[in-house]
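Fold and geometry: a report
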Amino acid sequence: MRTQVGIVGAGPAGLMLAHLLHLRGIDSVVVDLRTREDIEHTIKAGVLEQSTVDLMTETGVGDRLRREGSVHHGINLAFGGALHRIDFAALTNGRAVTVYPQHEVLTDLIARRLADGGDLRFGVSGTRVEGISGDRPSIRFTHEGSEQRVECDFVVGADGSHSTTRALIPGRADLFREYPFAWFGILAEAPPSSGELIYAHSDRGFALISTRSPTVQRLYFQCDPHTDPGDWPDDRIWEELSARVAGAGAVVKTGPVFQKSVLRFRSFVCEPMQHGRLFLAGDAAHTVPPTGQKGLNLAVADVYLLDRALAAYYERRDTSLLDGYTATALRRVWRAQHFSWWMTSMLHRFDGTNDFDVRRQLAELDLVTGSASAATTLAENYVGLPLTP
Ligand code: PHB
């Protein structure tokens, strides 16, 4: 088999890239180890930046997002006994974020690729990428019991944080930051506790009140990475969440908890993001802690660049955008790494934190909510910078 762009991974990066390339008449084949069922039902992130929403809308995959997504024009920071609102609309000239679950984005992209006759292979095994240093790379895999080999012009490794394609980049640097805590995340059958997200700083540690739909809430609280969700019956979870937000006057609406998990907290960047005819995108190249929800949005920003770079190659045999991919993508990646780290460091309780550290965090939160320029920095980064033209 032959295609122009072979894509390993049917997550946000892989599927969005296949869709963007199709609109330009560039073919792709997407392979993934997971089943379609798995991809469409695994609950992950939920907050889309303005530019992600705009790109989905402009490329014809934003209908359900527009109907079912919930637009948020601000967030609240809870600290020092009160809620402090960051008004995105006022600070960023009307930009906003939209809460729309990642698995719904994937469901919409898969439906559209299949309607457009796209080649998506789910449930493959034994994926191997070969020949990326030459001009005929290929992907081998087993699909429905038969061995396949797809010859490609380019391969995109969009195979997530456990990426195997990343290992093909010789001499790469893996830059890491582990955090000494995790998030305990729950999904509960309950209406939203708040019209907008609440990020809470408290003596007991961080908490976040988010949402997924009018009937499902997503909530998190900072915990030890070794926490066993089995030790946390529903009542204990609700008590802990309430204790962390009550000081600021927020009230948590409770309901049956139907999913509990502990999310690891780490930052990672692989440099460079390319070698020969292999390009990494999304979590394969970088992961961010969940604070600030940059993961899916960075994946979309990467493939926005790759789409334009591949178009320049096919239209004019111009390789300058492909050659510059790592440098261009990493600017946004490091901006997001800094932003996620900044939000994290301002709101979490670190081991060995003393009263001095807490007062310093409160002073920083005071700055961010009290100074228009600091609030604008937070708001601009949260709603997301425009995609590189
Ligand atoms: C979520 O709803 O999962 C969420 C929202 C905002 C964050 C992190 C996670 O900063």
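1. Some remarks on helix H3 (residues 50-58)
Among the residues of H3, those classed as buried are Gln50, Ser51, Thr52, Val53, Leu55 and Met56. Following H3 by one or two positions, Gly60 has its phi on the positive side, about 80°.

2. Some details on the site of the ligand
Residues in contact with the ligand amount to 13 residues; listed here are only the nearest, Tyr199, Ser210, Arg212, Tyr220 and Gly292. One of the side-chain N or O atoms of Arg212 is found 2.7 Å from an oxygen atom in the ligand. Residue Tyr220 places a side-chain N or O atom 2.5 Å away from an oxygen atom belonging to the ligand. When the ligand is considered free in solution it has 280 Å² of accessible area, and contact with the protein chains removes 100% of it. Of all the secondary structure elements, the ones that give two or more residues to the shell around the ligand are strand E16 (207-213) and strand E17 (216-223).

3. What to know about the sheet that holds strand E2 (residues 28-31)
Strand order across the open sheet formed by 6 strands is E8-E2-E1-E12-E21-E20, with mixed pairing between neighbours. Looking at strand neighbours, the two that pair on one side only are strand E8 (119-121) and strand E20 (274-275), the edges of this open sheet. Bridge analysis of strand E1 (residues 5-8) against E2 gives 4 bridges, and the strand direction is parallel. Looking at E2, one finds that Ile7 is bridged to Val30. Sheet strands touched by helix H1 (residues 12-23): E1, E2, E8 and strand E12 (154-157). Its angle to E1, the strand with the most contacts, is close to 160°. In the packing of helix H8 (residues 295-316) onto the sheet, the strands contacted are E1, E12 and strand E21 (278-280), and the crossing angle to E12 comes to about 180°.

4. Focus: the domain arrangement of the protein
Accessible area lost when the parts come together is the quantity often used to give the size of an interface. Taken domain by domain, the protein holds domain 1 (5-69 + 99-175 + 269-346) and domain 2 (177-265 + 349-383). For domain 1 and domain 2, the distance between their C-alpha centroids amounts to 29 Å. Interface area, domain 1 with domain 2, both sides summed: about 2,100 Å², of which 66% is carbon and sulfur. At the surface where domain 1 touches domain 2, the tally comes to 0 salt bridges. Linking domain 1 with domain 2 are 7 residue pairs in polar contact (both at pLDDT 80 or more). Considering each element in turn, the side of domain 1 that touches domain 2 owes the most residues, 8 residues, to helix H10 (residues 325-347). Of the residues in the side of domain 1 that touches domain 2, the class split is 12 nonpolar, 8 polar and 4 charged.

5. What to know about the sheet that holds strand E5 (residues 74-79)
Two pairing modes exist for strands in a sheet, parallel and antiparallel, and in both the strands are linked by backbone hydrogen bonds. An order of E6-E5-E15-E16-E17-E14-E18 is seen for the 7 strands of this open sheet, with the pairing classed as mixed. At either end of the open sheet lies a strand with only one pairing partner, and these are strand E6 (82-87) and strand E18 (257-263). Adjacent strand axes in the sheet meet at a mean angle of 20° when their direction is disregarded. Pairing between E5 and strand E15 (residues 198-200): 3 bridges, direction parallel. Its bridge partner lying in E15, Ala78 is registered against Ala200. This element, helix H11 (residues 355-370), spans E5 and E6 of the sheet and lies at about 150° to E5.

6. Let's talk about unusual backbone geometry
In this chain, Glu271 is followed by Pro272 through a cis amide linkage whose omega measures -5°. Here Pro272 is to be found in the loop between strand E19 (266-271) and E20. In this structure, Glu144 is a non-glycine residue whose phi angle is positive, near 50°. Along the chain, the position of Glu144 falls in the loop between strand E10 (138-143) and strand E11 (146-151). What makes Glu144 exposed here is its relative accessible area of 73%. Of note, Arg317 is a non-glycine position whose phi angle comes to about 55°, a positive value.

7. Here's the deal with the nonpolar core
Grouped together as the largest cluster of nonpolar side chains are 71 residues, with contacts concentrated most on Val5, Ile7, Leu48, Ile139, Val156 and Tyr325. The greatest single-element share of this core, amounting to 13 residues, is contributed by H8. Setting aside anything within four residues of it in sequence, one finds Leu48 in contact with Val53, Met56, Leu65, Val97, Thr98, Tyr100, Val105, Leu296 and Asn297.

8. A word on the pattern of salt bridges
This model, assessed by the stated rule, comprises 27 salt bridges. Asp153 is the salt-bridge partner of Arg2, the closest N and O atoms lying 2.7 Å from each other. Taken together, the positions of Arg2 in the segment before E1 and Asp153 in the loop between E11 and E12 put the pair 151 residues apart, joining distant regions of the chain. Overall, Arg2 belongs to the partly exposed group, its relative accessible area being 43%. In this structure Asp153 comes out as buried when scored by relative accessible area, which is 11%. Two residues, Asp307 and Arg24, come together in a salt bridge whose shortest N-O distance is 2.8 Å. Remark: Arg24 occurs in the loop between H1 and E2 and Asp307 occurs in helix H8; sequence separation between them is 283 residues.

The rules behind the values
- Residues numbered from 1 in each chain as written.
- Predicted model: local features only at pLDDT ≥ 70, side-chain atom pairs only at ≥ 80, totals over all residues.
- Heavy atoms only, no water.
- Buried < 20%, exposed > 50% of the residue type's maximum accessible area, 1.4 Å probe, protein only.
- Helix = DSSP H or I, 4+ residues; strand = E, 2+ residues; numbered from the N terminus.
- Near = heavy atom within 4 Å.
- Polar contact = N/O pair within 3.5 Å; in protein donor to acceptor, adjacent residues only side chain to side chain.
- Areas by Shrake-Rupley, 256 points an atom, 1.4 Å probe, with all protein chains shown as cover.
- Pairing = 2+ DSSP bridges.
- Contact = heavy atoms within 4.5 Å.
- Axes fitted to C-alpha atoms, helices over the stretch in contact; angles between N-to-C directions.
- Domains from an automatic or database assignment.
- Buried area = accessible area lost by both parts, 1.4 Å probe.
- Salt bridge = Lys/Arg side-chain N within 4 Å of Asp/Glu carboxyl O.
- Nonpolar A, V, L, I, M, F, W, Y, C, P; charged D, E, K, R; others polar.
- Core = buried A, V, L, I, M, F, W, Y, C linked by side-chain atoms within 4.5 Å.

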